[in-house]
Amino acid sequence: MSHRGEPSTVRPMPARNPVVPADTKGILYPGEQAAHRTLTRLSPTGVMDRYVEWYWAVRWDLRDRSPYRARVLSYPSVNLTFERSDSGTGGFVNGVYTATFVRELSGLGDTFGVRFRAGGFGAFTGLDVGVFRDRAVDIIDVMPNAAGVTERVLAAPTDEQRRAVVQEYLAALRVGHDPTYHRVLRIVDAMATDPRLTRVDQVAERFDMPLRTLQRMFRRYVGAGPKWVLRRYRLQDGAELLARGCTDALAVLATELGYFDQAHFTREFTAEVGVAPGEYAKRSRDSVGEVRG
């Protein structure tokens, strides 16, 4: 049965980015982080581009330096990670982190990751993504036939070869057609790109669906509620603009991001990031200067 206001045929998914973005959206203090680790992203190929946003690789060598706490405002996405560092080695399914994600980097290490599209991991595996929220679970406990995958990924000498290992493993898993996933993609795409959507009731009205249905769909496929997803995208936008030095009109910025006023934006930003918007912008600006210097 088709949803109200939609034809019975499946609509195309939102257009995918033709290239992997090089922006730093979601990365807190991007200039500072760049001085402590490298970040590489690779596009998915073949059938996996229906479910995977991109592959990514982080490497660090801090053997002669103090540990660094890398902080990220995570996307509403599940990540598979294959990690090797002084603190341990393993493969993990990482659910959506609703608080700021913090990873301490120390010594020598590297991580190869798979960032699924919002809803992609739930559609690909058939699992309720909500059970992984704010958790990292050993890949062996979640994914079928995963024995040895972590070792093969980490043994591959290049990022491209690591991508090939992961894609071969994922492509071998049986995936059924899931029309709800297409709808999730359209809704999340609208949340991420349309600044006019600032409230969950607006989203429900645009896509002609009951609010409770929207909430259940997001818990099952995305792993967090639609209100959180909206706010996370707006906070990411705000942090990105602040890191670029856009601090002259915080009241205007707050309004454009969908906040009632500057005070509401400042309160939520401070609670999530740990510092007020002006202080975050200053530290971001100063850290860039230190890197360039």
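See above for the structure.
Residues numbered from 1 in each chain as written. Predicted model: local features only at pLDDT ≥ 70, side-chain atom pairs only at ≥ 80, totals over all residues. Heavy atoms only, no water.

## Quick notes on the pattern of salt bridges
- One pass over the structure, following the stated rule, counts 16 salt bridges.
- Between E83 and R103 there is a salt bridge; the shortest N-O distance is 3.3 Å. On the criterion of sequence distance, the pair formed by E83 in strand β4 (residues 79–85) and R103 in strand β6 (residues 101–105) is long-range, its members being 20 residues apart.
- Residue R199 pairs with D201 through a salt bridge whose shortest N-O separation is 2.9 Å.
- Among the charged side chains, a salt-bridge network with shared partners connects K25, R234 and D237. (Salt bridge = Lys/Arg side-chain N within 4 Å of Asp/Glu carboxyl O. Helix = DSSP H or I, 4+ residues; strand = E, 2+ residues; numbered from the N terminus.)

## Digging into the layout of surface pockets
- One number sums up the size of the largest pocket: a volume of about 710 Å³.
- Contributing to the lining of the largest pocket are 30 residues, with W56, V72, S74, N79 and F101 lying nearest its centre.
- Listing elements by their share of the lining of the largest pocket, those giving two or more residues are β1 (38–42), β2 (52–62), β3 (68–72), β4, β5 (88–94), β6 and β7 (107–116).
- Grouping the amino acids of the lining of the largest pocket by side-chain chemistry returns 15 nonpolar, 8 polar and 7 charged. (1 Å grid on protein atoms, 1.4 Å probe; cavity = no way out; pocket = protein on both sides within 12 Å on 5 of 7 lines; lining within 4 Å. Points joined across faces, edges and corners; volume = space filled by probe spheres on them. Nonpolar A, V, L, I, M, F, W, Y, C, P; charged D, E, K, R; others polar.)

## Things to note about the packing of helix α5 (residues 179–193) against helix α7 (residues 211–221)
- Interaxial distance between α5 and α7 falls to 11 Å at its minimum, and their mutual angle equals 100°. When the interaxial angle is binned, α5 and α7 end up roughly perpendicular. Taking contact as the criterion, the partners of T180, Y181, R183, V184, I187, V188 and M191 in α5 are, on α7, L214, M217, F218 and Y221.
- Of the residues contributing to the contact of α5 with α7, the split by class is 9 nonpolar, 1 polar and 1 charged. (Axes fitted to C-alpha atoms, helices over the stretch in contact; angles between N-to-C directions. Parallel < 35°, antiparallel > 145°, perpendicular 65-115°, else oblique. Contact = heavy atoms within 4.5 Å.)

## Comments concerning α5
- Over its 15 residues, α5 runs 22 Å from end to end, which matches the ideal 21 Å to within 8%, given 1.5 Å per residue.
- All of the buried residues in α5 are Y181, H182, R183, V184, L185, R186, I187, V188, A190 and M191.
- Considering only its buried residues, α5 is in contact with α2 (120–125), α6 (200–206), α7 and α8 (226–243).
- Taking the backbone nitrogen of T180 as reference, a side-chain oxygen 3.1 Å away marks D178 as the first, capping residue of α5. (Expected span 1.5 Å × (residues − 1). Buried < 20%, exposed > 50% of the residue type's maximum accessible area, 1.4 Å probe, protein only. Polar contact = N/O pair within 3.5 Å; in protein donor to acceptor, adjacent residues only side chain to side chain.)

## Some thoughts on the sheet that holds β1
- Spatially, 6 strands are ordered β1-β2-β7-β4-β5-β8 in an open sheet, and the strand pairing comes out antiparallel. Looking along the sheet, the strands with just one partner apiece sit at the ends: β1 and β8 (136–138). Across the sheet, the mean angle separating the axes of adjacent strands is 25° when strand polarity is ignored.
- As paired elements, β4 and β7 share 7 bridges and run antiparallel to each other. Counterpart to T81 in the pairing with β7 is G113. (Pairing = 2+ DSSP bridges.)

## Points about the nonpolar core
- Formed by 57 residues in total, the largest nonpolar core has its most connected members in F82, F121, M143 and L170.
- Tallying contributions element by element places α5 first for this core, with 7 residues.
- Listed in part, the 18 residues of the second largest apolar core include L73, L235, F269 and Y280. (Core = buried A, V, L, I, M, F, W, Y, C linked by side-chain atoms within 4.5 Å.)

## Quick notes on the pairing of β7
- With 9 of 10 residues buried, β7 lies mostly within the body of the structure.
- In this sheet, β7 lies alongside β2 in antiparallel orientation, the contact comprising 10 bridges. Bridging across to β7, V58 finds its partner in T111.

The analysis is restricted to geometry; functional conclusions fall outside its scope.
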